[in-house]
Structure formats: C-alpha cells, structure tokens
Amino acid sequence: MKKNIIAGNWKMNNTQKGTKELIAQLAPLVAGKDDCEIVLCVPFTSLNTARKAMRGTNMKLGAQNVHWADKGAFTGEVSAEMLAELKCEYVLVGHSERRQYFNETNDTVNKRVKKALEFKLKPIICIGETLEEREKGKTASVLEKQVTSAFVGIEKSSLKRIVVAYEPVWAIGTGKTATPEDANDTIWIVRKALRKLYGRTSASAMRIQYGGSMNAGNANELMAMAEIDGGLIGGASLKAEDFAKIVESANKVNE
Ligand code: PGA
C-alpha cells in the first residue's frame with residue numbers, strides 16, 4: 001500500500017536559528033507517525049542545519065529547486081550533486097512560484113527532473129492551473145500538457161521515485177482551497193494523463209499530493225479523498241502545531 005506523503009515547503013523562510021527551532025518543536029509532535037512520509041523542503045542555506053537537526057527523527061530532507069547541468073557557469077543555481085552530498089532525499093521541481101517569477105517552463109522542469117533522478121534525488125513535480133486557465137475551461141488541457149512534458153524521457157522504472165503535487169495556483173497562499181471533491185476530480189485528470197503514458201497499474205501506484213492553502217482545519221477532509229495521497233504545505237508548514245495536525249490527518253487515513 002502506498003504511504004501518504006506530507007511535505008512542508010518552507011519557501012524563503014527560516015534562518016539557521018529558525019530552522020533549528022522549528023525542527024526541535026516538530027520532532028516530538030510527529031514522532032511515531034510512521035504510516036506517512038514526512039518531508040521538509042527548506043531553503044538551500046538551511047539544508048545542512050536541517051539535516052543535523054533531523055537526525056534520529058522521522059522527517060526527511062528536501063530542497064526547493066535543482067539545476068539541470070552537472071556544474072558550471074550558472075550563477076545562483078545549485079546542482080543535484082550538491083544536494084545529494086547533503087543527503088537531500090527530495091527536491092521540489094517546477095513550483096508555480098518558480099514558473100511565475102523565474103521563467104520556469106515545462107521544458108526546464110523536465111530537464112531538472114532528469115538530473116535529479118540521475119543523482120538519486122526524488123523529485124516532487126509541481127503542476128497546477130492558474131485562475132484564468134480555470135475560468136476559461138482549460139484546466140484539463142493545461143494539466144495534461146504539464147504532465148506530458150515533465151515526464152518526457154522518464155522510464156517507468158523511475159516512477160516510484162517521483163511524486164506529483166497538484167497545486168491550483170489560485171489556491172496557493174490565498175486561503176482559498178479547492179473543495180475536497182474538486183481536488184479529487186482534478187487529481188483524477190492528472191492520474192489519467194499518467195495512465196496514458198505508463199498504464200493503469202503504474203499510474204495508480206504513483207503518489208499525487210494536493211497543495212494550496214491546506215491547513216490543520218481542512219486536511220482531514222482532503223486526505224480522506226481517494227485520489228489524494230498527501231499534501232504540499234506552504235504557510236501551515238511554518239507552524240509546528242499546524243503542520244503536525246496535517247501529518248496526523250495523513251497518518252490516520254492509513255490506519
Ligand atoms: P500554501 O502553499 O500552503 O501556503 O498555499 C502551498 C505551496 O506553495 O506549496
């Protein structure tokens with residue numbers, strides 16, 4: 001049975017001090033919640049501190065981006081080898097904020113995913129439609145395109161190392177969550193796109209998270225939906241108690 005996966009996306013938050021404090025607060029709250037996987041995607045500058053602070057806990061380390069080249073003249077970027085050296089297990093790829101503010105495209109997402117896999121990192125591929133796309137009835141075609149492009153050249157054997165996060169852009173950081181039914185239906189569109197590429201069994205086995213204003217109050221309902229295999233949490237991942245409650249919701253479903 002696949003385990004739910006709850007990933008905190010800290011975005012550009014927390015210094016070394018804040019990183020140590022938050023992980024110290026979280027550790028006892030999520031201890032023993034082992035029926036789901038718990039990941040913290042921290043800023044690059046916090047990776048090493050987080051790695052040390054997480055020792056002996058059930059939390060795993062993640063980064064928020066990775067470059068597609070092995071190394072070289074790419075000022076401001078970080079390579080897969082650098083992340084692997086820090087024992088990073090997961091990495092977010094193609095978050096909507098990267099797409100919106102830093103010219104991330106479906107093509108660069110695919111290149112980053114491939115490089116991450118080469119270095120045994122597990123990519124969390126973020127996809128989602130904007131409000132405008134939704135209102136124009138383009139949600140399905142946008143998501144299909146994002147999925148098809150992200151997986152170009154990716155072998156079926158790599159799928160177990162990949163997570164997809166469906167995050168409607170209009171729900172990120174806005175307090176507007178998709179209803180559980182809506183999130184479930186849209187994730188089904190994503191799963192169907194994966195089915196077309198890899199077949200029914202492989203697509204069913206893949207974990208697809210929901211993200212976008214998921215919080216302690218709505219996590220139970222969202223996690224209860226059949227197609228939702230976890231959450232990617234922004235704002236609420238910065239508060240230990242809220243994040244722990246979301247972990248609890250994901251853990252309960254599997255009991
Ligand atoms: P949010 O962010 O939970 O603050 O809406 C989610 C995300 O951007 O991954």
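Here the structure is a predicted model, which is why all the values come from computation and not from measurement. Residues take numbers from 1 onward in each chain, read along the sequence in its written order. Restriction of local features to residues with pLDDT of at least 70 applies here, the model being predicted, together with a cutoff of 80 or more for giving and counting side-chain atom pairs; totals for whole chains, interfaces and linings are based on all residues. Values shown for side chains rest on all heavy atoms present in the structure; no hydrogens or waters enter the calculation.

Draft legend 1. Structural context of the site of the ligand. Only heavy atoms are used to decide nearness, and a residue is near a molecule or strand if one of them lies within 4 Å of it. The local shell around the ligand holds 13 residues, among which Lys-11, His-95, Glu-167, Gly-173 and Ser-213 are the closest. His-95 is positioned with one of its side-chain polar atoms (N or O) 2.7 Å from an oxygen atom of the ligand. Polar contacts, as used here, are pairs of N or O atoms within 3.5 Å; protein pairs need one atom able to donate a hydrogen and one able to accept it. Residues neighboring in sequence count only if both atoms are side-chain atoms. Between Gly-173 and the ligand, the recorded distance is 2.7 Å, taken from a backbone N or O atom to an oxygen atom. The Shrake-Rupley method, run with a 1.4 Å probe sphere, supplies the accessible areas, and residue values consider only the shown protein chains as cover. In the complex, the protein chains occlude 95% of the 280 Å² of accessible area that the ligand would expose alone.

Draft legend 2. Layout of the packing of aromatic side chains. Stacked, edge-to-face and tilted labels apply to pairs of Phe, Tyr and Trp rings (six-membered ring for Trp) whose centres lie within 6.5 Å, assigned for plane angles under 30 degrees, over 60, and everything in between, in that order. Counted under the stated rule, the structure contains three aromatic pairs. Centre to centre, the rings of Tyr-101 and Phe-102 are 6.4 Å apart; their planes meet at 85°, and the pair counts as edge-to-face. Classification of Tyr-101 by relative accessible area gives exposed; the value is 55%. Whether a charge sits over a ring comes down to the Lys NZ or Arg CZ being within 6 Å of the ring centre and within 35 degrees of the ring normal. A cation sits over an aromatic face here: Arg-98 above Phe-102, 4.1 Å from the ring centre. Type-normalised accessible area, obtained with a 1.4 Å probe on protein chains alone, sets the label of each residue: buried when under 20%, exposed when over 50%, and partly exposed for intermediate values.

Draft legend 3. Spatial organisation of the layout of surface pockets. Definitions used for this entry: grid spacing 1 Å over protein atoms alone; cavity, a set of points where a 1.4 Å probe fits but cannot get out; pocket, an open set with protein on both sides within 12 Å along at least 5 of 7 lines; lining residue, one with an atom within 4 Å of a point. Grid points are joined across faces, edges and corners, and a volume is the space filled by probe spheres set on the points. Computed from the structure, the largest pocket encloses a volume of approximately 470 Å³. In terms of lining residues, the largest pocket is bounded by 17 residues, among which Lys-11, Met-12, Gln-64, Arg-98 and Phe-102 are the most central. Going along the chain from the N terminus, every DSSP run of H or I of four or more residues is numbered as a helix, and every run of E of two or more is numbered as a strand. Considering each element in turn, the lining of the largest pocket owes the most residues, three residues, to helix 4 (residues 96-101). Its residues assigned to classes, the lining of the largest pocket comprises seven nonpolar, six polar and four charged. Lys, Arg, Asp and Glu make up the charged group, whereas Ala, Val, Leu, Ile, Met, Phe, Trp, Tyr, Cys and Pro make up the nonpolar group; the residues left over, Gly among them, are polar.

Draft legend 4. Representation of the nonpolar core in the model. The nonpolar core is taken to be a set of buried Ala, Val, Leu, Ile, Met, Phe, Trp, Tyr and Cys residues, with the residues joined through side-chain atoms within 4.5 Å. One finds Leu-40, Met-59, Leu-83, Phe-151, Leu-194 and Tyr-210 to be the most contacted residues of the largest nonpolar core, which totals 67 residues. Setting aside residues no more than four positions away along its own chain, Tyr-210 makes contact with Tyr-166, Pro-168, Ala-171, Thr-177, Ala-178, Ala-183, Ile-187, Leu-222, Ile-228, Gly-230, Gly-231 and Leu-232. With eleven residues, the next largest nonpolar core counts Ala-7, Val-39, Val-163 and Ala-165 among its residues. In what follows, residue pairs with any heavy atoms lying within 4.5 Å of each other are defined as contacts.

Draft legend 5. Structural view of the packing of helix 7 (residues 139-150) against helix 8 (residues 180-198). Orientation of helix 7 relative to helix 8, taken along the N-to-C sense of each, is 40°, at an axis distance of 9 Å. As summarised for this structure, helix 7 and helix 8 are arranged oblique, according to the angle between their axes. Our pair here, helix 7 against helix 8, has a crossing hand that is right-handed. Touching Thr-139, Ala-140, Leu-143, Glu-144, Val-147 and Thr-148 of helix 7 are Thr-186, Ile-189, Val-190, Ala-193, Leu-194 and Leu-197, all from helix 8. Residue classes in the contact of helix 7 with helix 8 are distributed as eight nonpolar, three polar and one charged. Only the contacting stretch of a helix is used when fitting its axis, a line to C-alpha atoms as for every element, and angles between N-to-C directions run 0 to 180 degrees. The scheme is simple: roughly parallel for angles under 35 degrees, roughly antiparallel for over 145, roughly perpendicular for 65 to 115, oblique for anything else. Put simply, a crossing is left-handed when the front helix is turned counterclockwise from the back one by less than a right angle, and right-handed when it is turned clockwise.

Draft legend 6. Expanded view of the packing of helix 1 (residues 16-30) against helix 2 (residues 47-54). Direction vectors running N to C along helix 1 and helix 2 enclose 25°, while the axes themselves pass 9 Å from each other. When the interaxial angle is binned, helix 1 and helix 2 end up roughly parallel. Two packed elements cross with a definite hand, and for helix 1 against helix 2 that hand is right-handed. Residues Gln-16, Thr-19, Lys-20 and Ile-23 of helix 1 pack against Thr-49, Ala-50, Ala-53 and Met-54 of helix 2. By residue class, the composition of the contact of helix 1 with helix 2 is four nonpolar, three polar and one charged.

Draft legend 7. Representation of the environment of Val-109 in the model. If you trace the backbone, Val-109 turns up in helix 5 (residues 106-118). When the C-alpha atoms of Val-109 and Leu-92 are compared, they prove to be 10.0 Å apart, with 17 residues separating the residues in sequence. When near neighbours in sequence (up to four residues on either side) are disregarded, Val-109 contacts Val-93, Gly-94, Arg-99, Glu-104, Ile-125 and Ala-150.

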